[in-house]
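The lines below spell out each chain.
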2 protein chains.
Amino acid sequence: MSSKKTVPYRINLPEELIPKQWYNIRADMKELPDPMLNPGTMKPITSPDELAPIFCYELAKQELDNETRYIDIPEEILNFYKMCRPSPLIRAYCLEKKLGTPAKIYYKFEGNNTSGSHKLNSAIAQAYYAKAQGITHLTTETGAGQWGTALSMACAYLGIDLTVYMVKGSYMQKPFRKSVINTFGANIIPSPSDTTNAGRAILAEMPDTTGSLGCAISEAVEKAVTSENCRYVLGSVLNQVLLHQSIIGLESKAAMEMYDEYPDIIIGCAGGGSNLGGLIAPFMKDKLDGVKNPYFIAVEPASCPSLTRGKYAYDFCDTGKVTPLAKMYTLGCGFIPAANHAGGLRYHGMSPVISKLYHDGYIDEARSYVQTDVFEAAVEFSRAEGILPAPESSHAIRAAIDEALKCKETGEEKTILFGLTGTGYFDMTAYESFHNKTMIDYVPTDAELEEAFSKLPEIK
Amino acid sequence: MSSKKTVPYRINLPEELIPKQWYNIRADMKELPDPMLNPGTMKPITSPDELAPIFCYELAKQELDNETRYIDIPEEILNFYKMCRPSPLIRAYCLEKKLGTPAKIYYKFEGNNTSGSHKLNSAIAQAYYAKAQGITHLTTETGAGQWGTALSMACAYLGIDLTVYMVKGSYMQKPFRKSVINTFGANIIPSPSDTTNAGRAILAEMPDTTGSLGCAISEAVEKAVTSENCRYVLGSVLNQVLLHQSIIGLESKAAMEMYDEYPDIIIGCAGGGSNLGGLIAPFMKDKLDGVKNPYFIAVEPASCPSLTRGKYAYDFCDTGKVTPLAKMYTLGCGFIPAANHAGGLRYHGMSPVISKLYHDGYIDEARSYVQTDVFEAAVEFSRAEGILPAPESSHAIRAAIDEALKCKETGEEKTILFGLTGTGYFDMTAYESFHNKTMIDYVPTDAELEEAFSKLPEIK
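None of the values given here were measured: they were computed from a predicted structure.

Asker: Got a minute to help me understand the overall build of chain A in this structure?
Answerer: Each helix and strand in chain A was counted, giving 18 helices and 15 strands. For 460 residues, the compact-globule formula gives about 23 Å, and the C-alpha radius of gyration of chain A, at 20 Å, lands near that figure. Considered along the principal axes of its C-alpha atoms, chain A spans approximately 65 × 50 × 45 Å. Every one of the 460 residues in chain A was classed for burial, and the buried ones make up 68%. Nonlocal contacts in chain A, meaning residues at least 24 apart in sequence, comprise 76% of its contacts between residues at least 6 apart. Roughly 15300 Å² of accessible area belongs to chain A as shown, and the carbon and sulfur atoms make up 50% of that amount. Positive and negative charge centroids in chain A, built from 44 and 55 side chains respectively, lie 3 Å apart.

Asker: It is not clear to me how the side chain of Arg26 of chain A should be interpreted in this structure. Could you clarify?
Answerer: Residues and elements named next belong to chain A. Secondary-structure assignment places Arg26 in the loop between strand S2 (21–23) and helix H1 (48–51). Among buried Asp, Glu, Lys and Arg side chains, Arg26 stands out as unpaired, with Glu63 the closest opposite charge at 5.8 Å. A polar contact is formed between the side chain of Arg26 and the backbone oxygen of Glu63, at a distance of 2.8 Å. In terms of polar contacts, Arg26 uses its side chain to reach the backbone carbonyl oxygen of Asp65, at 3.0 Å.

Asker: Looking at this structure, how should I read the environment of Thr423 of chain B?
Answerer: All names here are of chain B. Following the sequence through the fold, Thr423 ends up in the loop between strand S15 (415–420) and helix H17 (428–435). Given a relative accessible area of 4%, Thr423 falls into the buried group. Distance from Thr423 to Ser117, taken between C-alpha atoms, is 6.8 Å for residues 306 residues apart in sequence. Every residue in contact with Thr423, bar those within four places of it in the chain, is listed here: Phe109, Gly111, Gly116, Gln146, Leu388, Pro389 and Ala390.

Asker: For this particular structure, what's the right way to read the side chain of Ser306 of chain B?
Answerer: As for its position among the elements, Ser306 of chain B is in helix H13 (residues 306–309). Apart from the residues within four sequence positions on either side, Ser306 of chain B is in contact with Glu300, Tyr329, Thr330, Leu331, His348, Gly349 and Met350 of chain B.

Asker: Mind showing me how you'd approach the pattern of salt bridges here?
Answerer: Side chains bearing opposite charge may pair, as long as their charged atoms lie close to each other. Tallied over the entire structure, the rule returns 50 salt bridges over all chains. We note a salt bridge from Asp364 of chain A to Lys287 of chain A, for which the minimum N-O separation is 2.7 Å. Of the two residues, Asp364 of chain A sits in the loop between helix H14 (352–359) and strand S14 (365–369) while Lys287 of chain A sits in helix H12 (residues 274–288), which places them 77 residues apart along the sequence. Accessibility expressed as a relative area gives 11% for Lys287 of chain A, which makes it buried. The salt bridge partner of Glu403 of chain B is Arg367 of chain B, with a shortest N-O separation of 2.6 Å. Placement of the pair is Glu403 of chain B in helix H16 (residues 391–410) and Arg367 of chain B in strand S14 (residues 365–369), with a sequence separation of 36 residues. When its relative accessible area of 7% is taken as the criterion, Glu403 of chain B is described as buried. For Arg367 of chain B, a relative accessible area of 11% translates into the label buried.

Asker: Is there a simple way to explain the interface of chain B and chain A in this structure?
Answerer: Buried accessible area, meaning the area lost when the parts come together, often serves as the stated size of an interface. Each partner contributes to the interface: chain B provides 40 residues, whereas chain A provides 40 residues. Buried area between chain B and chain A, both sides added, is near 3800 Å², and the carbon and sulfur share of it is 58%. When the buried area of chain B at its contact with chain A is split by residue, Met83, Thr183 and Tyr425 of chain B rank highest and sum to 18% of it. The interface formed by chain B and chain A contains 2 salt bridges. Put simply, Lys178 of chain A and Glu432 of chain B hold a salt bridge, and the shortest N to O gap is 3.4 Å.

Asker: Explanation requested: the packing of helix H3 (residues 75–84) of chain A against helix H5 (residues 120–132) of chain A in the structure shown.
Answerer: Residue and element names in this part refer to chain A. In the contact formed by H3 and H5, the axes pass within 10 Å of each other and the chain directions differ by 150°. On the basis of their axis angle, the class for H3 and H5 is roughly antiparallel. In the packing of H3 onto H5, the handedness of the crossing is right-handed. Two secondary-structure elements touch here, H3 through Glu76, Ile77, Phe80, Tyr81 and Cys84 and H5 through Leu120, Asn121, Ile124, Ala125, Tyr128 and Tyr129. A breakdown of the residues in the contact of H3 with H5 according to their chemical character gives 9 nonpolar, 1 polar and 1 charged.

Asker: What exactly am I supposed to notice about the packing of aromatic side chains here?
Answerer: Each aromatic ring pair is described using two quantities: the centre-to-centre distance and the angle formed by the ring planes. Across all of its chains, the model carries 30 aromatic pairs over all chains by this definition. With 5.2 Å between their ring centres and 80° between their planes, Phe375 of chain A and Tyr431 of chain A make a pair best called edge-to-face. Of this pair, Phe375 of chain A sits in helix H15 (residues 371–385) while Tyr431 of chain A sits in helix H17 (residues 428–435), placing them 56 residues apart in sequence. By the burial criterion, Phe375 of chain A is buried, and Tyr431 of chain A matches it. Ring plane angle 50° and centroid distance 4.8 Å describe the contact between Tyr9 of chain B and Tyr93 of chain B, whose orientation is recorded as tilted.

Asker: Explain the sheet that holds strand S4 (residues 89–91) of chain A to me, please; I cannot follow it from the model alone.
Answerer: The pairing of strands in a sheet comes from backbone hydrogen bonds and takes either a parallel or an antiparallel form. All names here are of chain A. If you trace the 7 strands from one edge of the open sheet to the other, you get S1-S4-S5-S15-S10-S11-S14, paired in mixed fashion. Two strands bound the open sheet, and with one partner strand each, they are strand S1 (10–11) and S14. Taken together, the 5 bridges between strand S10 (residues 265–269) and strand S11 (residues 295–301) define a ladder with parallel strand orientation. In the sheet register, Cys269 faces S11, and the bridge partner there is Val299.

Asker: It is not clear to me how the relation of the copies chain B and chain A should be interpreted in this structure. Could you clarify?
Answerer: What connects the two chain copies is a rotation about an axis and a shift along it. Rotating chain B by 180° about the axis while translating it 0.0 Å along that axis superimposes it on chain A, leaving an RMSD of 0.0 Å. Here the symmetry operator amounts to a two-fold rotation axis. Identified as the residue of chain B closest to the rotation axis by C-alpha distance is Asn112 of chain B, at 3.0 Å. Looking at chain B, 100% of its interface residues are interface residues in chain A too, so the copies touch through the same face.

Asker: Would you explain the sheet that holds strand S8 (residues 187–191) of chain A in this entry?
Answerer: All names here are of chain A. The strand order across the open sheet built from 4 strands is S8-S7-S6-S9, with neighbouring strands paired in parallel fashion. At either margin of the open sheet sits one strand with a lone partner, and together these are S8 and strand S9 (230–232). Averaged over all neighbouring strand pairs, the angle between strand axes comes to 20°, with direction disregarded.

Asker: How should I be thinking about H12 of chain A in this particular structure?
Answerer: Since the α-helix turns once every 3.6 residues, residues separated by three or four places project in the same direction. A maximum bend of about 55° is found in H12 of chain A at Ala281 of chain A, where proline Pro282 of chain A lies one to four positions downstream. Most of H12 of chain A sits out of view: 15 of its 15 residues are buried.

Asker: Looking at this structure, I do not really get the packing of helix H2 (residues 57–64) of chain A against helix H11 (residues 239–257) of chain A. What am I missing?
Answerer: The angle between the axes and the distance between the axes are what describe a pair of packed helices. Residue and element names in this part refer to chain A. It is the contact of H2 with H11, at a shortest axis distance of 7 Å, that shows an interaxial angle of 90°. Regarding the angle of H2 to H11, the classification is roughly perpendicular. Across the interface between the two elements, Leu59, Gln62 and Glu63 from H2 touch Asn239, Gln240, Leu243 and His244 from H11. In terms of residue class, the contact of H2 with H11 is made up of 2 nonpolar, 4 polar and 1 charged.

Asker: Is there a simple way to think about the nonpolar core in this case?
Answerer: Soluble globular proteins tend to bury their nonpolar side chains together. One finds Trp22, Ile267 and Phe418 of chain A together with Trp22 of chain B to be the most contacted residues of the largest nonpolar core, which totals 140 residues. Ranked by residue count, the leading element in this core is H5 of chain A, at 8 residues. Counting 37 residues, the second-largest nonpolar core is a separate cluster that includes Val7, Tyr259, Tyr262 and Leu288 of chain A.

Asker: Looking at this model, I keep getting lost on the pairing of S14 of chain A. Mind explaining?
Answerer: Both faces of the sheet carry side chains from a regular strand, because those side chains alternate between them. Residues and elements named next belong to chain A. Counting buried positions along S14 gives 4 out of 5 residues, so the element sits mostly inside the fold. Examined bridge by bridge, S11 and S14 share 5 bridges and lie parallel to one another. What sits directly across from Pro301, in S14, is Tyr369.

Asker: Got a minute to help me understand the pairing of strand S13 (residues 325–330) of chain B in this structure?
Answerer: All names here are of chain B. The buried fraction of S13 amounts to 6 of the 6 residues, a majority that puts the element mostly inside the structure. As judged from the 6 bridges shared by strand S12 (residues 311–316) and S13, these two strands associate in the antiparallel manner. Counted as the bridge partner of Lys311 is Thr330 from S13.

Asker: I tried to follow H14 of chain A on my own but got confused; where do I start?
Answerer: Residue and element names in this part refer to chain A. Extensive coverage of H14 is indicated by the burial of 7 of its 8 residues. Buried within H14 are the following residues: Pro352, Val353, Ile354, Ser355, Lys356, Leu357 and Tyr358. Structurally, H14 contributes buried residues whose contacts are with H11, H12, helix H13 (306–309), strand S12 (311–316), strand S13 (325–330) and S14. A distance of 3.2 Å separates the backbone nitrogen of Val353 from a side-chain oxygen at the start of H14, and that oxygen is part of Ser351.

Rules of the game
- Residues numbered from 1 in each chain as written.
- Chains lettered and ligands numbered in written order.
- Predicted model: local features only at pLDDT ≥ 70, side-chain atom pairs only at ≥ 80, totals over all residues.
- Heavy atoms only, no water.
- Helix = DSSP H or I, 4+ residues; strand = E, 2+ residues; numbered from the N terminus.
- Rg over C-alpha atoms; globule rule 2.2 N^0.38 Å.
- Buried < 20%, exposed > 50% of the residue type's maximum accessible area, 1.4 Å probe, protein only.
- Contact = heavy atoms within 4.5 Å.
- Areas by Shrake-Rupley, 256 points an atom, 1.4 Å probe, with all protein chains shown as cover.
- Lys, Arg positive; Asp, Glu negative; His and termini not counted.
- Charge placed at Lys NZ, Arg CZ, Asp CG, Glu CD.
- Salt bridge = Lys/Arg side-chain N within 4 Å of Asp/Glu carboxyl O.
- Polar contact = N/O pair within 3.5 Å; in protein donor to acceptor, adjacent residues only side chain to side chain.
- Buried area = accessible area lost by both parts, 1.4 Å probe.
- Axes fitted to C-alpha atoms, helices over the stretch in contact; angles between N-to-C directions.
- Parallel < 35°, antiparallel > 145°, perpendicular 65-115°, else oblique.
- Left-handed = near helix turned anticlockwise from the far one by under 90°.
- Nonpolar A, V, L, I, M, F, W, Y, C, P; charged D, E, K, R; others polar.
- Phe/Tyr/Trp six-rings, centres within 6.5 Å; stacked < 30°, edge-to-face > 60°.
- Pairing = 2+ DSSP bridges.
- Least-squares fit on C-alpha atoms with pLDDT ≥ 70 in both.
- Bend = angle between axes of the 7 residues up to and from the residue.
- Core = buried A, V, L, I, M, F, W, Y, C linked by side-chain atoms within 4.5 Å.

This is the structure we're talking about:
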């Protein structure tokens, strides 16, 4: 007879167990990601001062800090976390039953806040450090709108002005995102726009483009460096963001430990990589330390397959080529993915940390799915678990269901953990097109990718 | 020095403390509400058999049961509750700080589920009893869309067909509610519609009407009694619904007791009365028992002021006059309130239990607010607490803020508890009109109300 405690449907860590430090995976990596390059000199960036025109100083330091394993979370951020955290770790009893699988499925649900996603974890941190430095205005980009909403909440809380460039395709699909962001007092502009040189250049070349994250980043960065007392903040990709998002994994691990559980498989959707990086961080530490060996799966859309079909190379983080370069899996910064309903996963590149871990074999697998397969999983999940997932998160659901069905075939009682990054309340246009069967499964051709790769910068 | 434990931002009861019984306030009332009348005979309904064509038998029994104080929650319902409950009781530290009030503000947040409100508590119960009786199809009405969504989730979970009549005004304001309800596999029809005699009659008289809850109820009831193996379910007003919603108050009380807290003031928004009735139930017991004396405030929109300006009289529960009659505060079943953004509070009547408690002075106060005052509170709350509230819930927020500001004046450290019934993610049209200053504050004239009262049925 097992002495294990019965696992409740929802594990809510007590407030006092909210982690008080973030975990920096770089401190434990066997090999570090290659350094960022200064776009002017094409030389490695070694000092926070080089990043200071774009980022506030403390965040620039975090970006380059490859050594400090645990970084204290300032008290004001901790207090904000207490408003919306700990997020529940949910045992998917109902989904397991519906699938008839012997697998145990857990998901860390980050969607129970008004931003509707995990983005709030880094938004409050970035806004806090900016305010501490006396910055009064921030700019950013947003794809699906979750990051923009999260940042508007953080800025409203701290009293900072905010301008959000939202990828035009998403902006059109999700008109109500604008109202939410306005409710929190921020300004929102569809990108590409005529408010920046980068936006005007892209519009001149492609007047009908629905935009991309890379393009919105160019505009937000330009706006930040040309405005007074203003900095740019980014919701994913960066090392600092992965650091802040480590709270997802730390809480997940603590919650599982309370019930003597440990995941055999860990699954996250991957756009820029912040959720995946945050979710896996403490479990990856176990793997790097040789203590445990969980199997990591990164899931991306077939329409924007940076890990599964991209090149591991130096590239710009934005379309306008104003940002530093990073060594990462990329489809080429000129690649603008076809419009799809997972705006948060429409990014040409991938976090350098995630890229390195994947390249070196620590992330075991990357896989991609087409949209209709993803939405089929989303609907099945919603009817069983009563949560309407975001399209982005539903990529992880698809993979989790597939893994659970494999267990059904083999009879293995694996423990699966996936990240349910957010809710789909603002994605109903997407669900509607799935119900109407008008959803298109776009997959770029090899020729399209080769064309994009041919424009990758040459680095000596 | 106080020996009290520090109250966390969010009190999450452990799963094992989710109540296993609902509390039936009628068992403790000094005087019972007057009985429902059969619309055919105008005689009191005394047997569940009389309600059986409309409601399934177990729910009809609960409707008439004035004696059983505690009713066991069936295990399948408890399991569903565990997916989304306990809901957090939140200490509004950030709002208190922003207001500079010595008051302690708590709110029971029922919006952290995909239906976005407390409605799920009764939806799963009603769907469960219907299924247990072999019913395969349910019909209902929905105003703001929260009840319709909740019931579609419950029906998807249990595998029951569902047709939802949604008040046309809300249907137009909130196009995405349809997609959510479709995602859970239910059918949704804007009301009044040409699918029923009741709907056709109303359309003939008022072709441009935006509908009302009373009218949608008529259609849903007609559809139920004319379809095979079908029953009608209602999201508010009824005794059975207040019974199921008592879980809100029971959890709130248990959570406060963990920290030796007890509310001086309890505030709930009131449309049909289900949230208010559920929230106050166990605290009202204390008042009825003479153990405690909390001050209860019911808050309603000035555009639909049943408690503050209605008559306490027998009336039909629907516009089409097909339902039983109830003794309640009512504006007259022919009263169709002006379109406003709190669709869930646009009901001509009020729960007979709430009506009786208010009439007899146990609910201490009813007050009404105009829309812009409500949305001002909603925006202030969202920026402080990071939760975007539903327009309905924001009525309670308005009153809570006003009470907290009174405490600021007097210096009293009162403990305020209010019900935050839901989120406003599907109400962004409303927020948009507030931001644009196009929101209209409609208040019916005395003449309009007199006209509506003149059509109240005469009961001998």
